[in-house]
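Structure assessment
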Amino acid sequence: MGIILIRAINWFAEFLLLALLIRAIGSWFIRDQYSTIGKIYMGIIGFTEPFVAPCRSLIDRIGINTGMLDFSVFLAMLLIEAATRVLTILLAGILL
């Protein structure tokens, strides 16, 4: 049971990291939000925004001026990776 939970957490984190990567790369290329690919991209933004928005507000609160570059997606990726590792270690210690 514990291995299944750990795998589910890792799969969700990998899916979320992939969605964040697609969001970052798509922001350079996708301009028409009404095309089919644009609608998919907007869906990815809607899915990942709850993870990116707190990072964006944290960067603004700290007062880091990044100009035109938005590092909130990168920060979200780092935090998700760190949280996944911590959860995996804790669950492995408790359940296994």
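The structure we're discussing is the one just above.
All of the points below concern the structure found in this document.

Definitions and limits used
- Residues numbered from 1 in each chain as written.
- Predicted model: local features only at pLDDT ≥ 70, side-chain atom pairs only at ≥ 80, totals over all residues.
- Heavy atoms only, no water.
- Helix = DSSP H or I, 4+ residues; strand = E, 2+ residues; numbered from the N terminus.
- Buried < 20%, exposed > 50% of the residue type's maximum accessible area, 1.4 Å probe, protein only.
- Contact = heavy atoms within 4.5 Å.
- Areas by Shrake-Rupley, 256 points an atom, 1.4 Å probe, with all protein chains shown as cover.
- Lys, Arg positive; Asp, Glu negative; His and termini not counted.
- Charge placed at Lys NZ, Arg CZ, Asp CG, Glu CD.
- Salt bridge = Lys/Arg side-chain N within 4 Å of Asp/Glu carboxyl O.
- Axes fitted to C-alpha atoms, helices over the stretch in contact; angles between N-to-C directions.
- Parallel < 35°, antiparallel > 145°, perpendicular 65-115°, else oblique.
- Left-handed = near helix turned anticlockwise from the far one by under 90°.
- Nonpolar A, V, L, I, M, F, W, Y, C, P; charged D, E, K, R; others polar.

Further remarks concern the overall build of the protein chain. The helix and strand tally for the protein chain stands at three helices and zero strands. Secondary structure elements of the protein chain occur, N-terminal to C-terminal, as α-α-α. Its C-alpha atoms put the protein chain at 50 × 35 × 15 Å along the principal axes. The proportion of buried residues among the 96 residues of the protein chain is 24%. Within the protein chain, residue pairs in contact and separated by at least 24 positions form 64% of the contacts whose partners lie at least 6 positions apart. For the protein chain, the accessible surface area stands at approximately 7,000 Å², while carbon and sulfur atoms represent 73% of it. Across the protein chain, the centroid of the 7 positively charged side chains sits 3 Å from that of the 6 negatively charged ones.

Right, let's talk about the pattern of salt bridges for a bit. All chains considered together, the criterion is met by four salt bridges. In this structure, the salt-bridge partner of R23 is E49, at a minimum N-O distance of 2.8 Å. On the criterion of sequence distance, the pair formed by R23 in helix α1 (residues 2–29) and E49 in helix α2 (residues 36–62) is long-range, its members being 26 residues apart. Note on E49: relative accessible area 25%, which makes it partly exposed. D70 serves as the salt-bridge partner of R56, at 3.7 Å between the closest nitrogen and oxygen. Within this pair, whereas R56 is found in helix α2, its partner D70 is found in the loop between α2 and α3 (72–95), the two being separated by 14 residues in sequence. For R56, a relative accessible area of 26% puts it in the partly exposed group.

Now for the environment of L18. Considering the arrangement of structural elements, one finds L18 in helix α1. Residue L18 is classed as partly exposed on the basis of its relative accessible area, which comes to 47%. Along the backbone, L18 and L79 are 61 residues apart, and their C-alpha atoms lie at a distance of 14 Å.

Among the structural elements, F71 can be located in the loop between α2 and α3. With relative accessibility at 40%, the residue F71 sits in the partly exposed group. The sequence separation of F71 and D60 amounts to eleven residues, and the corresponding C-alpha distance is 11 Å. Setting aside residues up to four positions removed in sequence, F71 forms contacts with I59 and T66.

Moving on, we come to the packing of α2 against α3. Relative orientation of the contacting elements α2 and α3 amounts to 115°, with a least axis distance of 8 Å. In terms of their interaxial angle, α2 and α3 are classed as roughly perpendicular. You can see that α2 and α3 cross each other, and the crossing is right-handed. Between α2 and α3, the residues in contact are F51, V52, C55, R56, L58 and I59 and S72, V73, L75, A76, L79 and I80, respectively. When grouped by side-chain class, the residues that make up the contact of α2 with α3 number ten nonpolar, one polar and one charged.

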